[in-house]
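Topology and contacts: notes
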Amino acid sequence: MAALLGGKAEQRLRLLFSWLKPGIQVPRVRPVAAFGSSVVSAKAAVNGVHLHYLRTGDGEHAVLLLPGMLGSGETDFGPQIENLNKKLFTVVAWDPRGYGHSRPPDRDFPVDFFERDAKDAIDLMKTLNFKKVSLLGWSDGGITALIAAARYPSYVSKMVVWGANAYVTKQDVEIYQGLRDVSKWNERTRKPLEALYGFDYFAKTCEKWVNGIDQFKHLPDGSICRDLLPLVQCPTLIVHGEKDPLVPRFHADFLHRHVRGSRLHLMPEGKHNLHLHFADKFNKLVEDFLQ
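Below: a short report on this structure. (Residues numbered from 1 in each chain as written. Predicted model: local features only at pLDDT ≥ 70, side-chain atom pairs only at ≥ 80, totals over all residues. Heavy atoms only, no water.)

1. Re helix H6 (residues 140–151)
- Helix length check: H6, at twelve residues, gives a terminal C-alpha distance of 17 Å against a target of 16 Å (1.5 Å per residue), a fit within 8%.
- Judged by how many residues are buried, H6 sits mostly within the fold: eleven of twelve residues are covered.
- The elements touched by buried residues of H6 are strand E3 (61–66), helix H5 (113–127), strand E5 (133–138), strand E6 (156–162), helix H9 (199–214) and helix H10 (249–258). (Helix = DSSP H or I, 4+ residues; strand = E, 2+ residues; numbered from the N terminus. Expected span 1.5 Å × (residues − 1). Buried < 20%, exposed > 50% of the residue type's maximum accessible area, 1.4 Å probe, protein only. Contact = heavy atoms within 4.5 Å.)

2. Brief notes about H10
- What H10 keeps buried is the set His251, Ala252, Phe254 and Leu255. Taken down its axis, H10 places every buried residue within 155 degrees of arc, on the same side.
- The inward-facing, buried residues of H10 contact H6, E6, helix H7 (170–177), strand E7 (236–241) and strand E8 (263–267). (Arc of directions from axis to C-beta.)

3. Quick look at the packing of aromatic side chains
- All told, the structure shown has eleven aromatic pairs when counted by the stated rule.
- Both rings, one in phenylalanine 113 and one in phenylalanine 216, keep their centres 6.0 Å apart while their planes meet at 55 degrees; by these two values the pair is tilted. Note that phenylalanine 113 is positioned in helix H5 and phenylalanine 216 in the loop between H9 and E7, a separation of 103 residues in sequence.
- Ring plane angle 80 degrees and centroid distance 5.5 Å describe the contact between tryptophan 185 and phenylalanine 202, whose orientation is recorded as edge-to-face. Of the two residues, tryptophan 185 is situated in the loop between H7 and helix H8 (187–197) and phenylalanine 202 in helix H9; the sequence distance between them amounts to 17 residues. (Phe/Tyr/Trp six-rings, centres within 6.5 Å; stacked < 30°, edge-to-face > 60°.)

4. Notes on the side chain of aspartate 117
- If you trace the backbone, aspartate 117 turns up in helix H5.
- By relative accessible area, which is 4% here, aspartate 117 ends up buried.
- Among residues more than four places away in sequence, those in contact with aspartate 117 are Trp94, Pro96, Arg97, Arg107 and Thr144.

5. Thoughts on the pairing of strand E2 (residues 49–56)
- Most of E2 sits out of view: six of its eight residues are buried.
- With antiparallel pairing between neighbouring strands as the criterion, strand E1 (residues 40–46) and E2 make up a hairpin whose turn holds two residues, including asparagine 47 at a positive phi of roughly 50 degrees.
- By the bridge criterion, four bridges tie E2 to strand E4 (residues 89–94) in an arrangement that is antiparallel. Among the inter-strand pairings, threonine 56 is bridged to a residue of E4, identified as valine 91. (Pairing = 2+ DSSP bridges.)

6. Structural notes on the sheet that holds E2
- The sheet built from eight strands is open, its strands ordered E1-E2-E4-E3-E5-E6-E7-E8 with mixed pairing. Since the sheet does not close on itself, it has two edges, and those belong to E1 and E8, each with one partner. Each adjacent strand pair in this sheet contributes to an overall mean axis angle of 20 degrees, direction not counted.
- Two elements, E6 and E7, share four bridges in a ladder whose sense is parallel. In the strand pairing of E7, methionine 159 is matched with threonine 236.
- Against the sheet, H6 touches E3, E5 and E6, its axis set at about 145 degrees to E5. (Axes fitted to C-alpha atoms, helices over the stretch in contact; angles between N-to-C directions.)

7. Re the nonpolar core
- The biggest cluster of nonpolar side chains holds 70 residues, and the ones touching the most others in it are Leu64, Met125, Leu135, Met159 and Trp209.
- Ranked by size, the runner-up nonpolar core spans 23 residues in total, among them Trp162, Met267, Phe282 and Leu285. (Core = buried A, V, L, I, M, F, W, Y, C linked by side-chain atoms within 4.5 Å.)

8. Quick notes on the pattern of salt bridges
- What the rule picks out here adds up to 13 salt bridges.
- The residue aspartate 123 makes a salt bridge to lysine 119 at a minimum N-O spacing of 3.0 Å. A residue pair is termed a helical-turn pair when its members lie 3 or 4 positions apart in one helix, as aspartate 123 and lysine 119 do in helix H5 at four residues.
- Of the residues examined, aspartate 123 reaches a relative accessible area of 14% and is grouped as buried.
- A relative accessible area of 39% means that lysine 119 is categorised as partly exposed.
- A salt bridge links glutamate 242 to arginine 249; its shortest N-O distance comes to 3.2 Å.
- Judged by relative accessible area, which is 40%, glutamate 242 ranks as partly exposed. (Salt bridge = Lys/Arg side-chain N within 4 Å of Asp/Glu carboxyl O.)

This is how it looks when you write it as structure tokens:
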């Protein structure tokens, strides 16, 4: 496949698969009990589905963690759930519908699936009786956070996003195609998601995700949410790993230009999952920004 892409797309695909090679840390699925007794696991009825979430801390500042593609609170945010300041923050890590333990229903990808996730996320926090919330969104969760902040400006206090993009290019879609067949993923990368979902659901949902992202290339300018960015009113921190093989620098720059008053923080050695590889540094950055 790489031979068909050429140029920058081929280079990015090679980087992607280098990211999936042995020796690279990936999120581990672990029992909720492994986080300790301070983490509560529960479900709430929201918009016709039962959404699973983890909750920890008793601070006045509510923070919602929004996972990436196929992710969940427990797979995507272990270092944040464990180590964000529990006196300052009440941290909630949710599983979007069809992901993690928010099943049934099975995950699907209508063209408005990011909008649906944004509404679910905000309505979950309202159901849990939080008056306002700050958002920490990774990858797809970053897109969801951007939409939520634009659609519900009076409810969102602050926002941190990383590995997110407001539109897709042809090269982006070609890179995503490299993820379609999960049997080609390295075993160490594949196992956590297989443990969570079983191979069949994992493989089927990954293919559906690639098809879902592909829809946006047919929209004007490949837009996912680029027209909503000027509506974001909250203080926003955009973090970018300069070695991210999935989301290149120009996406972070675009967000920075179009989200009014936003800050851009670059991590030279950061990859897509920079919040896991550089958890201590990332957590301090987030805590300083949110206070």
